[in-house]
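Chain residues, written in single-letter form:
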Amino acid sequence: MITDRRTEVCCLETTVLAEKAVCETNKRFFSSMSRINRRGHGAFQGRGAEPEQSSNSVHLSILKSARKSGVLNLSQKGLVVVPENVWTLLEDVPEEAKSISLDNKEDKWWDTHDMTKLILASNRLTSIGEGLRNFETLTVLDVHDNSLTSLPKAIGCLVRLQRLDLSHNQLTDIPDTVALLSELVSLTVEYNQLKSVCEEVCSLKRLEVLSVAHNQIETLPQYICLLSRLRSLNVSNNRITSLPPDIGALDALRVFDATHNKLMKLPDEFGNLSKLEQLHLQHNQLAYLPILRHCTSLKDILVGNNNIRGITKEHIEAIPSVTCLDIRDNKLEKIPDEITLLDQLERLNLTNNDISNLPYIMGTMPTLKLLVLDGNPMKSIRRDIIMRGTVAIKKYLASRMSEEDLEKKEPKASSSITRIPGGGQDGVIRPHDLHQLKSLDFSEKKVDTIPDDVVEAALGAGIKTINLNKNLFSDVPVNITVLAPTLKEIYLGFNQISVLSSRIGSFTNIHMLDLRNNQLSDLPSELSAAIGLREIVLTSNRLKTIPQVVYGFKNLEILFASNNQITSLDATGFVKLKALGTLDLQNNDLSQIPSELGNCTWLKSLVLTGNPSRNPRPAILAKGTPAILEYLRSRIVS
């Protein structure tokens, strides 16, 4: 099938070559006319006359620097149009050329470089202009954060272009001329108004990164399989209902992100992506997953907020290398015993499902460091055990194992326990492990500082997770702030933190922050910099109210604030958190639950037990979240 489609697309490639020839002819013509016009205009200027400066020009010093470096950065200049002297900077004769001196020891004006980078980001441009054809040597063009509604045909002349950033504009389509950019490696068109991705994109055979997130796209191109070098494909936050079967032929694909779409299923061919490492499918309408039979390189599978009803032995056997499995907010009722076959699994998130029991054999999984069960109707594990965390849950499960369970756990040839960085039997930090796991486990050390050499090793590995639970820290360690660019998860539970300093604001990219079992009474406003925060755990602290900074996290999905001293709730603050699915407020001092909290109809799990409030009554609380929300809404005074 793919061979036939390659034959069909040859017509497209022929058209591309023809347009390329026309573009080359046009470029030479416009270049000649530009020189003639400037020579005619210059005849009326005096030899020593200073070129006129206007609001539609760029300062001469900037242009002079660009000639020498080949890089022109005009970001955040408030430009409404691209000044004409930008397009002619390589052809205009600079002022210093009129007074040549052999004694001049400065850089010579004729010592110029080809333009390789043009940055026009964060202006007010509605168009770029055909003068772009004068910069055919560009390798980078960045015009993100403008108001572009279209691109000039001249963009097809940039035959050496490798990176094109068009994000945060008002484009409704990607022009056909993009097919001429045969050297393009990265194409970013996020936050626009695209309704589709043109087939011409599929002719970019060198493309490695394609991001069209946050648009209005409903389908992907039929010939996407021709992007044989594509490593990362981001189509998140669109309206895609199905994927083309030939997506399974993207042999180089390592990262696929289709979060926040309308996918109801994946094609069976998706399981052919043998090099896929990260799969993001949160917030879709998936009822089941295909068996990813050949995806043996998968490390992260995130399928939260779907309608998945089960995973089977076949599913598990197909993904032996998985380290993170996030199935929160689905409809799972059972976890199969074969889950123990995932001998590299470190994180398993089962929040808000319908699971009542877990296989006792899970207590023997040596690499499992995080098991989240909140929001499930667990019958076999007491709530107090769940509240104590993963170690307590595993210990309890292992203690309940029978002889039959032990026999199920067959020994493997490579039965040695995986040594987690910082947690190995000899306590040695191994750079190889850091690189492989992207995680630093420095928990249960009973220390209040982290050695600099450990942080340096973690920095070199680009870790995403750091676990500092069960130590003696009174604040975020100063030296770990250097890890901020890559960190996604921070665990600081079971420490001695009473006041969190502004230093926490350095971690702008975190998705998860665990501060359970400390002595916190508030959170600093600087934490608001973590705009992507999705989960925060404040269980067992000294909070008397939900910290105000929490209401600013628009992407927050999970908030655990049980076992505090909270006496009142700001219902208007919670109404702002449209992504919030889990809110745990049990065992606090709430004497009254605001009726307006019932307007948060998007909540999937609201836990209010263990508070002195008489309403809602225990009988209503026992009926679950929908009943609680309905009751609260009924008490709103109109």
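All values derive from a computational prediction rather than experimental measurement. (Residues numbered from 1 in each chain as written. Predicted model: local features only at pLDDT ≥ 70, side-chain atom pairs only at ≥ 80, totals over all residues. Heavy atoms only, no water.)

*Asks:* Could you give an account of the overall build of the protein chain, with specific residues and numbers?
*Replies:* Helix and strand counts for the protein chain stand at 13 helices and 21 strands. Within the protein chain, the proportion of its 638 residues that are buried is 50%. By sequence separation, contacts in the protein chain at least 24 residues apart represent 39% of the contacts at least 6 residues apart. Summed over its atoms, the accessible surface of the protein chain is roughly 30,100 Å², and 50% of this surface lies on carbon and sulfur atoms. (Helix = DSSP H or I, 4+ residues; strand = E, 2+ residues; numbered from the N terminus. Buried < 20%, exposed > 50% of the residue type's maximum accessible area, 1.4 Å probe, protein only. Contact = heavy atoms within 4.5 Å. Areas by Shrake-Rupley, 256 points an atom, 1.4 Å probe, with all protein chains shown as cover.)

*Asks:* Can you explain the packing of aromatic side chains? Please cite residues and give values.
*Replies:* What the rule picks out here adds up to three aromatic pairs. Note on Phe256 and Phe270: the rings are 5.4 Å apart at their centroids and 65 degrees apart in plane angle, and the pair reads as edge-to-face. Taken together, the residues span a long stretch of sequence, with Phe256 in strand S8 (residues 255-257) and Phe270 in the loop between S8 and strand S9 (278-280) at a distance of 14 residues. With respect to burial, Phe256 and Phe270 carry one shared label: buried. Over the aromatic face of Phe442 sits the side chain of Lys445, whose NZ or CZ is 5.7 Å from the ring centroid. Above the face of the Phe494 ring, Lys470 is positioned so that its terminal group lies 5.4 Å from the ring centre. (Phe/Tyr/Trp six-rings, centres within 6.5 Å; stacked < 30°, edge-to-face > 60°. Lys NZ or Arg CZ within 6 Å of the ring centre and 35° of its normal.)

*Asks:* Break down the pattern of salt bridges for me, with residues and values.
*Replies:* Inspection of every chain in the model, using the stated rule, returns 13 salt bridges. Here Glu317 makes a salt bridge to Lys313, at a shortest N to O gap of 3.8 Å. Highlighted residues: Glu317 and Lys313, both in helix H5 (residues 313-317), separated by four residues, approximately one helical turn. Taking the relative accessible area as the measure of exposure, Glu317 reaches 44% and is therefore partly exposed. On the basis of relative accessible area, Lys313 is assigned to the partly exposed category, the value being 39%. In this structure, Glu557 and Arg328 form a salt bridge, with 3.6 Å as the shortest nitrogen-oxygen distance. Of this pair, Glu557 sits in the loop between strand S18 (535-537) and strand S19 (558-560) while Arg328 sits in the loop between strand S11 (324-326) and strand S12 (347-349), placing them 229 residues apart in sequence. Exposure class is identical for Glu557 and Arg328. Each is buried. A cluster of three or more residues bridged by salt bridges with shared partners is formed by Asp326, Arg328, Glu535 and Glu557. (Salt bridge = Lys/Arg side-chain N within 4 Å of Asp/Glu carboxyl O.)

*Asks:* Summarise helix H10 (residues 452-461); cite the residues concerned and give the values.
*Replies:* Within H10, burial applies to Val454, Val455, Ala458 and Ala461. Taken end-on, H10 shows its buried residues confined to a sector of 125 degrees, consistent with a single buried face. For H10, the exposed residues set more than 90 degrees away from the buried face come down to Asp452, Asp453, Glu456 and Gly460. Just past H10, the residue Gly462 takes up positive phi, approximately 65 degrees. (Arc of directions from axis to C-beta.)

*Asks:* Summarise the side chain of Glu535; cite the residues concerned and give the values.
*Replies:* Along the chain, Glu535 falls in strand S18. Polar contacts involving the side chain of Glu535 include one to the side chain of Arg328, which spans 3.3 Å. Not counting residues within four places of it along the chain, the set of residues in contact with Glu535 comprises Arg328, Asn349, His511, Met512, Leu513, Leu556, Ile558 and Phe560. (Polar contact = N/O pair within 3.5 Å; in protein donor to acceptor, adjacent residues only side chain to side chain.)

*Asks:* Describe in detail the nonpolar core, supporting the description with residues and values.
*Replies:* Side chains of a nonpolar character, in soluble globular proteins, are inclined to be buried together. Counting 100 residues, the largest nonpolar core has Phe256 and Leu358 as the members making the most contacts within it. Breaking this core down by element, the ones donating at least two residues are helix H3 (60-69), helix H4 (84-87), helix H6 (383-387) and helix H7 (390-399). In terms of residue count, the dominant contributor to this core is H7 (four residues). Each residue touching Leu358, except ones within four places of it in the same chain, is listed here: Ile335, Leu350, Leu371, Leu373, Met378, Ser380, Ile381 and Leu397. (Core = buried A, V, L, I, M, F, W, Y, C linked by side-chain atoms within 4.5 Å.)

*Asks:* Now, about the sheet that holds S18: what can you tell me, with residues and values included?
*Replies:* With parallel pairing, the eight strands of this open sheet are ordered in space as S14-S15-S16-S17-S18-S19-S20-S21. Only two strands of the sheet have a single partner each, and these edge strands are strand S14 (439-441) and strand S21 (605-607). Across the sheet, the mean angle from the axis of one strand to that of its neighbour is 5 degrees, orientation sign disregarded. Pairing of S18 with S19 involves three bridges; the strand directions are parallel. From the neighbouring strand, Glu535 faces S19, where its bridge partner is Ile558. (Pairing = 2+ DSSP bridges. Axes fitted to C-alpha atoms, helices over the stretch in contact; angles between N-to-C directions.)

*Asks:* Explain the environment of Cys600 to me, and be specific about the residues and the numbers.
*Replies:* Relative to the helices and strands, Cys600 is located in the loop between strand S20 (582-584) and S21. When its relative accessible area of 2% is taken as the criterion, Cys600 is described as buried. As for Cys600 and Leu577, which are separated by 23 residues in sequence, their C-alpha atoms are 8.5 Å apart. Cys600 has contacts with Phe574, Val575 and Leu629, leaving out every residue within four places of it along the chain.

*Asks:* Describe the environment of Gln170, and please don't skip the residues or the numbers.
*Replies:* Looking at the element boundaries, Gln170 is found in the loop between strand S4 (163-165) and strand S5 (186-188). Every residue in contact with Gln170, bar those within four places of it in the chain, is listed here: Ser147, Leu148, Thr149, Asn192 and Gln193.

*Asks:* Tell me about the side chain of Asp142, residues and numbers included.
*Replies:* Its location among the elements puts Asp142 in strand S3 (residues 140-142). Of the side chains with opposite charge, Arg163 lies nearest to the buried Asp142, which makes no salt bridge, at 4.6 Å. Non-local contacts of Asp142, meaning those with residues more than four positions away in its chain, are made with Leu118, Ile119, Leu120, Ala121 and Asp165. (Lys, Arg positive; Asp, Glu negative; His and termini not counted.)

*Asks:* Outline H7, listing residues and values.
*Replies:* For H7, every residue scored as buried is listed here: Thr390, Ala392, Ile393, Lys394, Tyr396 and Leu397. Tucked inside the fold, the buried residues of H7 contact strand S13 (370-372) and H6.

*Asks:* Tell me what's going on with the confidence of the model for the protein chain, and back it up with residues and numbers.
*Replies:* The pLDDT averaged across the protein chain works out to 83; a share of 83% of its residues lies at or above 70. The low-confidence segment residues 27-55 (pLDDT under 50) makes 20 contacts with residues lying over four places distant or belonging to another chain. Under a pLDDT of 50 for its full length, residues 410-426 has, in the predicted model, 27 contacts with residues more than four places off or in other chains. (pLDDT = per-residue confidence, 0-100.)

*Asks:* Describe the environment of Asn307, naming the residues involved and giving the relevant values.
*Replies:* The topology assignment puts Asn307 in the loop between strand S10 (300-302) and H5. Through-space distance from the C-alpha of Asn307 to that of Leu332 is 8.6 Å; in sequence the pair is 25 residues apart.

*Asks:* Lay out unusual backbone geometry with the relevant residues and their values.
*Replies:* Across residues other than glycine, the phi torsion is negative in most instances, and most of the peptide bonds are trans. Here the residue pair Asn615 and Pro616 is connected by a cis peptide bond, since its omega of 0 degrees sits within 30 degrees of zero. With respect to the helices and strands, Pro616 occurs in the loop between S21 and helix H12 (618-621). For Asp145, which is not glycine, the phi dihedral falls at a positive 65 degrees. Note on placement: Asp145 falls in the loop between S3 and S4. At Asn305, a position not held by glycine, the phi torsion is positive, near 60 degrees.

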